[in-house]
4 protein chains.
Amino acid sequence: MPNTTVALIGYGYWGPNLLRNYMELAGAEVKWVCDSRPERLEKAIARYPSIVSTTDLKVVLGDPDVDAILIATPIGTHYAVAMEALHAGKHVFVEKPMAMTVGECDEMCRAAEERGLTLMVGHTFVYSPPVRLVKSIIDSGELGDVRFITCSRVNLGLHSKEVSVVWDLAPHDLSILAYWLGETPLSVQAMGRSCIIDGIPDVAFLNVRYASGIIAELEVSWLSPVKLRRTVIVGSKKMLMYDDTESVEKVKIFDQGVDYKDPETFGEFQLSYRTGGIYSPRVENTEPLFVEAAHFIDCVANGTTPLTDGASGRLVVAALEAAQASLDAGAKNPDERRGRVERRRRAREE
Amino acid sequence: MPNTTVALIGYGYWGPNLLRNYMELAGAEVKWVCDSRPERLEKAIARYPSIVSTTDLKVVLGDPDVDAILIATPIGTHYAVAMEALHAGKHVFVEKPMAMTVGECDEMCRAAEERGLTLMVGHTFVYSPPVRLVKSIIDSGELGDVRFITCSRVNLGLHSKEVSVVWDLAPHDLSILAYWLGETPLSVQAMGRSCIIDGIPDVAFLNVRYASGIIAELEVSWLSPVKLRRTVIVGSKKMLMYDDTESVEKVKIFDQGVDYKDPETFGEFQLSYRTGGIYSPRVENTEPLFVEAAHFIDCVANGTTPLTDGASGRLVVAALEAAQASLDAGAKNPDERRGRVERRRRAREE
Amino acid sequence: MPNTTVALIGYGYWGPNLLRNYMELAGAEVKWVCDSRPERLEKAIARYPSIVSTTDLKVVLGDPDVDAILIATPIGTHYAVAMEALHAGKHVFVEKPMAMTVGECDEMCRAAEERGLTLMVGHTFVYSPPVRLVKSIIDSGELGDVRFITCSRVNLGLHSKEVSVVWDLAPHDLSILAYWLGETPLSVQAMGRSCIIDGIPDVAFLNVRYASGIIAELEVSWLSPVKLRRTVIVGSKKMLMYDDTESVEKVKIFDQGVDYKDPETFGEFQLSYRTGGIYSPRVENTEPLFVEAAHFIDCVANGTTPLTDGASGRLVVAALEAAQASLDAGAKNPDERRGRVERRRRAREE
Amino acid sequence: MPNTTVALIGYGYWGPNLLRNYMELAGAEVKWVCDSRPERLEKAIARYPSIVSTTDLKVVLGDPDVDAILIATPIGTHYAVAMEALHAGKHVFVEKPMAMTVGECDEMCRAAEERGLTLMVGHTFVYSPPVRLVKSIIDSGELGDVRFITCSRVNLGLHSKEVSVVWDLAPHDLSILAYWLGETPLSVQAMGRSCIIDGIPDVAFLNVRYASGIIAELEVSWLSPVKLRRTVIVGSKKMLMYDDTESVEKVKIFDQGVDYKDPETFGEFQLSYRTGGIYSPRVENTEPLFVEAAHFIDCVANGTTPLTDGASGRLVVAALEAAQASLDAGAKNPDERRGRVERRRRAREE
């Protein structure tokens, strides 16, 4: 099978990670790196002299050698770049979040489908070993029915100047939940606050409801004294904790729960609490980004649908839109406005 | 100064703790223990033979020796017992939550005020050394302006058969927040689920907003693989973590934050992240319940207003009512109903 | 079966714990409490009015009702009290360490044996659920052959004014190791220092060797910034950690080790590292002291040999004697003496 | 000031780290990489095409451009390579441990001194920010007099096939202690065991005594269920913990200790326990290896004596020799031999 020739668009914060992984990937050949900033291109070339660089996207898209495009540009440009690439007949890998609106996502999905092109979104955590392990545990039925999930993704910084913490951090958890549960959120409500930059919430709490009755609480923040990457799943049989900051015991299964004796049998219902052993399975140590890259190349080569396809990207953007609408509504409250006014005044006085 | 004579009403789960502390308290004399269950009274007498027991509340309230009543009966009876006691001219200490509705709280406050009687609510955490220490740190300005607070109060069990986890656990955090912030919540929204007993949510997430712009997120649950008693305060200058499960480092102050440089001066705003030292001050080891009991006796003896007076109890009940209304509204959604139906069916099939 | 009548000798720091457990024990009746300090006896009687008190040991030993004696007096008196009791025909439970010398232990064992009396030593940890669980794991072969064991038993205080930290804390670990391994130490060497009270080491490190090749390192200290109660067992197949300060995961089994490929087969030997899952079994929550008390009464009633009999007590004292000899030899070094001189001088100057 | 031209001898496990740092160092120019294995040289050249490679040490030492040699060859060759380089008039940086015997160290020191050449040993931890911070805390007197120190440096693997765990891991702690205390050990005793490879101890406990009375206990092991890098310092005023596995709170100062009231004043001595706050200062995040490299170049350029000079390397080797002698003596015990015999037999049977 011939190599898939790819071009990387955007060599900012994340682009170098993509480039490094695609360079090591058998089956892929990186021909172009494209960025509007010449000094970024120099960095890429210095590291990988075999690559050709350009500031002109059209040159890349006009190259018949190029099979696929990797988009790592600012979020606001994902839609435009991806549409141009799809129209040029290129397969597209686009970083998360896929776009700024559900409408954009729909157009992107349609454009890819009409041309029979692969469209994949960079929900990297779906390709990480602990997240995959948890998926297999859920699917095995070991936890029973999932009742609720809590996710904390907080640390100090780095503030984005463009998008809120919701658009920056919540896509991780929303895509993980979609992968685990196979369900689309029914509703998403959010409370947040813009503590540092006016109009850009840096802490938010998302309440997510699913049709199955499962609820999920997401805490995302750029302001936290400690770094947390912790997810708790409470099932009807067992409970699970996934802590990505742990170097060894990333996933723990707690054999504990509450057993309910039906009132029809016992007159009054009875509860018994069960606390058994705790097991932490070994988690493999492969780089999620490499697995993701290999999956994209494989889907392009074989015409299969990616695990994190356009529909998956759309689901995440839909949840983000709902959360944003909820934050905006909250920010219109007089109290919230008052908080803002006070902060501005203080900033001037200091 | 003569001793204050008290009577304990209710000798169930919590009553013995009150009794033990009041027995050791100089300035207080426990004359009566009253409970509708004779077997409970026997237990009390076996332990403290000097006390008189009765199943008849009227006998206690008719005793002119009795100055004050301690109410540790089920929540649903707080209002009725307290009103009867106040009408009989007795000072009242009532466990939290103070009553089931704001209306009941208002009547209790009025009844006490009209008769010049002390009315105090058992928000015990307000009398605990780490909570007091955090209060003094906030008041000192060391944290700067409080931006937001997150509270996790979760563990496995014990399910109440009467009230939801919100009424059982959230009063602790709501009374702590009221004490720290000196503010009444503007709004409280909640998402929860009844995982084990139909109609009694055992996990809930509360979004609380204050007029100052501060937001707080409370997580309360009877279903958790690990016990958490953790509160994080993010201030404009420093951050603080209060973890009540820690035996030594209960309170930690993090000298870290984000410094914001105004765009009016710098063209574009700039952020700098500051991560300094972490300090864990020593926390005294006195029993909160003993401090609370001494405070009640002192207020009765001197006619001073308790720190956790009727107004403080009312504030907590108001927040609980709002949370409950929000939970009820959520439970009316078709999705939530579907979840319930499914659970019932499964329970029958198993 | 008639009750066993016991008398408690010594009501200081530890006596109350023994008394409480024996009072709750079916099959035992506590008739006497004996202590040379009348004010201690008053405390005992106030709590348990049914008991008779005396300051005269001879009165207790002369009472034909008394079947067994519980000795909780200072270590230096264990031998004398126990011998008197055995000569009076009483069964004996004595706190650890059993005596001050191996010679004393031998006499005690002989006296008990000659009269067919039960002699048991209060190595309480042998009766604690996690220690028993670890014993069953070792015996099951799950760990393979035990290679070495490390034990840390350190915290701040409380300094004894009579005996060193070795005699105070090391009996716990030495008795646990004897129980787990079923082996007598071949040699014990120690290094320590008297940091606070001259001549009473408050930190010590014990190197223990067994005939099987197993080695053990014990760290005992009254001077430590954190409390540690941690034991690590490295076996040829798996490893285990027992941390008694953990409330939940007290025992953890690590499925990890090194697999050795023999050079005779492979030319040069090869090692492969195996890191599998980690399992923390549930540990029961029974009070060790109660299990110990029940075991003593059972042994007395049925004439069976206690798990922690005189031989077990002797083994521990022999190890302590060896450690002490090693410490004394070290303290005779000029350097060690110099350290002491310096400290004394500084103490005077300050 | 002209650049210092260096040559790296040995491009195995550690050499690449040295090379990377010296390549980034202003003031240094790496001209040669020398290794007996051509395939290793290819790796170096591929990464840094500007460097010249050779398998012949004499070619490097004969190059008059070369000012200094970096030795990262196997321990057994340190002495020979260093002596050859010094005789050729080159400054020498040699990895730790400096050599296999004190005699070799003495010769190396003499050779460097006679020629006025810099001789520095790669005790890298002495250049790490937390170790430096602890040094400054000790020197400030905040801890009071150091009483004792415990060091745990354990993890699973990697077994060396040449030297024991003592020669592999203990140099870190011995050099750190030398830096902190400014003292040479009076005596070093060790207990260890060869669990996996016959004759190569993979776990050892070192008892170190200093003339000042300070004692130190070092635990080093390639067999441990958890990775520990923990050092505790108990001082007469405060205590300190340095945990290198912590990402944030690497150093903690505990304001706790025991205050001793002199018996000459109080009749009997009295102890009072003090437990104050705990402070974790911020630790900088610079790479120790880079600081070390810059220090070597600076010493060469200015003729100043390195912090970790030959004398410091000799001190560590002397302690290792003493530990090894102690291990060898222990291994000659019949019990230890028996352990070995048994293991060999088992290996054959399996």
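The rules behind the values
Residues numbered from 1 in each chain as written. Chains lettered and ligands numbered in written order. Predicted model: local features only at pLDDT ≥ 70, side-chain atom pairs only at ≥ 80, totals over all residues. Contact = placed C-beta atoms within 7 Å. Helix = DSSP H or I, 4+ residues; strand = E, 2+ residues; numbered from the N terminus. Nonpolar A, V, L, I, M, F, W, Y, C, P; charged D, E, K, R; others polar. Least-squares fit on C-alpha atoms with pLDDT ≥ 70 in both. Pairing = 2+ DSSP bridges. Axes fitted to C-alpha atoms, helices over the stretch in contact; angles between N-to-C directions. Parallel < 35°, antiparallel > 145°, perpendicular 65-115°, else oblique. Left-handed = near helix turned anticlockwise from the far one by under 90°. Expected span 1.5 Å × (residues − 1). Buried ≥ 20, exposed ≤ 12 C-beta atoms within 10 Å, placed from the backbone. Arc of directions from axis to C-beta. Domains from an automatic or database assignment.

Novice: How do you make sense of the interface of chain B and chain A when you look at a structure like this?
Specialist: Accessible area lost on assembly of the parts is the figure often given for the size of an interface. Contacts between chain B and chain A engage 45 residues on the former and 45 residues on the latter. Counting residues per element, the side of chain B that touches chain A draws most heavily on helix α11 (residues 334–349) of chain B, which supplies six residues. When the residues that make up the side of chain B that touches chain A are grouped by side-chain class, the tally is 25 nonpolar, 10 polar and 10 charged.

Novice: Before we go on, may I ask you to explain the relation of the copies chain B and chain A in this structure?
Specialist: What connects the two chain copies is a rotation about an axis and a shift along it. Relative to chain A, chain B is turned by 180° and slid 0.0 Å along the rotation axis, the superposed coordinates differing by an RMSD of 0.0 Å. Accordingly, the operation relating the two chain copies is best matched by a two-fold axis. Both copies present the same face, since 100% of the interface residues in chain B are matched by interface residues at the equivalent positions in chain A.

Novice: Would you mind going over the sheet that holds strand β3 (residues 52–54) of chain D with me for this structure?
Specialist: Hydrogen bonding along the main chain pairs the strands of a sheet, whether they run parallel or antiparallel. Residues and elements named next belong to chain D. The parallel open sheet is built from six strands, whose spatial order is β3-β2-β1-β4-β5-β6. The outermost strands of the open sheet, each flanked by one partner alone, are β3 and β6 (119–122). Within the sheet, the average angular offset between the axes of one strand and its neighbour, ignoring direction, is 25°. Note that strand β2 (residues 28–34) and β3 share three bridges and pair parallel. By the bridge assignment for β3, Cys34 is matched with Thr54.

Novice: Even after reading the chapter, I still don't get the packing of helix α4 (residues 78–87) of chain D against helix α5 (residues 102–115) of chain D, so can you show me in this structure?
Specialist: Pairs of packed helices are described in terms of their axes, by the angle between the two and the distance that separates them. All names here are of chain D. Interaxial distance between α4 and α5 falls to 10 Å at its minimum, and their mutual angle equals 15°. By the angle between their directions, the pair α4 and α5 is classed as roughly parallel. Considering only the axes of α4 and α5, their crossing is left-handed. Residue-level inspection shows Tyr79, Ala82, Met83, Leu86 and His87 of α4 in contact with α5, the latter providing Glu104, Glu107, Met108, Ala111, Ala112 and Arg115. For the contact of α4 with α5, a count of residues per class yields seven nonpolar, one polar and three charged.

Novice: Would you mind going over helix α6 (residues 129–140) of chain A with me for this structure?
Specialist: Side chains three or four residues apart in an α-helix point the same way, a direct result of the helix having 3.6 residues per turn. Residue and element names in this part refer to chain A. A rise of 1.5 Å per residue sets the reference length of α6, with its 12 residues, at 16 Å; its end C-alpha atoms lie 16 Å apart and thus fit the reference within 8%. Among all positions in α6, only Val131, Val134, Ile137 and Ile138 are buried. Looking down the long axis of α6, one finds its buried residues gathered within 120° of arc, a one-sided arrangement. For α6, exposure combined with an orientation more than 90 degrees from the buried face picks out Ser136, Asp139 and Ser140. Along its buried surface, α6 packs onto β7 (146–154), α7 (165–181), β12 (239–243) and β13 (251–261). One or two steps after α6, the chain reaches Gly141, where phi turns positive at roughly 85°.

Novice: For this particular structure, what's the right way to read the sheet that holds strand β4 (residues 68–71) of chain C?
Specialist: Residue and element names in this part refer to chain C. A sheet is described by the order of its strands in space; here six strands give the open sequence β3-β2-β1-β4-β5-β6, paired in parallel fashion. One side of each edge strand has no neighbouring strand; the edge strands of this open sheet are β3 (52–54) and β6 (119–122). When the angles between neighbouring strand axes are averaged without regard to direction, this sheet yields 25°. The strands touched by helix α1 (residues 15–23) are β1 (4–9), β2 (28–34) and β4; relative to β2, the strand with the most contacts, the crossing angle is about 155°. Each of β1, β4 and β5 (91–95) touches helix α4 (residues 78–87); the most contacted strand, β5, lies at about 170° to it.

Novice: I keep staring at the domain arrangement of chain A and nothing clicks. Help me out?
Specialist: Residue and element names in this part refer to chain A. Per the domain assignment, the segments of chain A are domain 1 (4–117) and domain 2 (126–287 + 318–336). Taking only C-alpha atoms, the centre of domain 1 and the centre of domain 2 are 31 Å apart. Between domain 1 and domain 2, the contact holds seven residues from the first and eight residues from the second. Class assignment for the residues of the side of domain 1 that touches domain 2 results in four nonpolar, two polar and one charged.

Novice: Please clarify how the interface of chain D and chain B should be interpreted in this entry.
Specialist: Counting from both sides, the interface comprises nine residues of chain D and, opposite them, nine residues of chain B. Taken together, the residues that form the side of chain D that touches chain B break down as three nonpolar, four polar and two charged.

Novice: Just checking my understanding: could you explain the relation of the copies chain D and chain B for this structure?
Specialist: Under the fitted operation, chain D is carried onto chain B by 0.0 Å of movement along the axis and a turn of 180°, and the coordinates agree to an RMSD of 0.0 Å. A shared binding surface is used by both copies, with 100% of the interface residues of chain D retained as interface residues in chain B.

Novice: Honestly, the pairing of strand β9 (residues 203–210) of chain D in this entry has me stumped. Any pointers?
Specialist: In the case of a regular strand, side chains alternate between the two sheet surfaces. Residue and element names in this part refer to chain D. Judged by how many residues are buried, β9 sits mostly within the fold: eight of eight residues are covered. With eight bridges connecting them, strand β8 (residues 185–193) and β9 associate as antiparallel partners. The partner of Gly192 across the bridge, within β9, is Ala204. As judged from the seven bridges shared by β9 and strand β10 (residues 215–221), these two strands associate in the antiparallel manner. Following the sheet pairing, Ala204 is matched in β10 by Val220. Remark: four residues form the turn of the hairpin made by β9 and β10, two consecutive strands paired antiparallel; Gly213 in that turn has positive phi of roughly 100°.

Novice: Got a minute to help me understand the pairing of strand β14 (residues 270–280) of chain C in this structure?
Specialist: As judged from the three bridges shared by strand β14 (residues 270–280) of chain A and β14 of chain C, these two strands associate in the antiparallel manner. Its bridge partner lying in β14 of chain C, Ile278 of chain A is registered against Ser280 of chain C. Bridge analysis of strand β13 (residues 251–261) of chain C against β14 of chain C gives eight bridges, and the strand direction is antiparallel. Looking at the pairing, Asp259 of chain C lines up with Ser272 of chain C of β14 of chain C.

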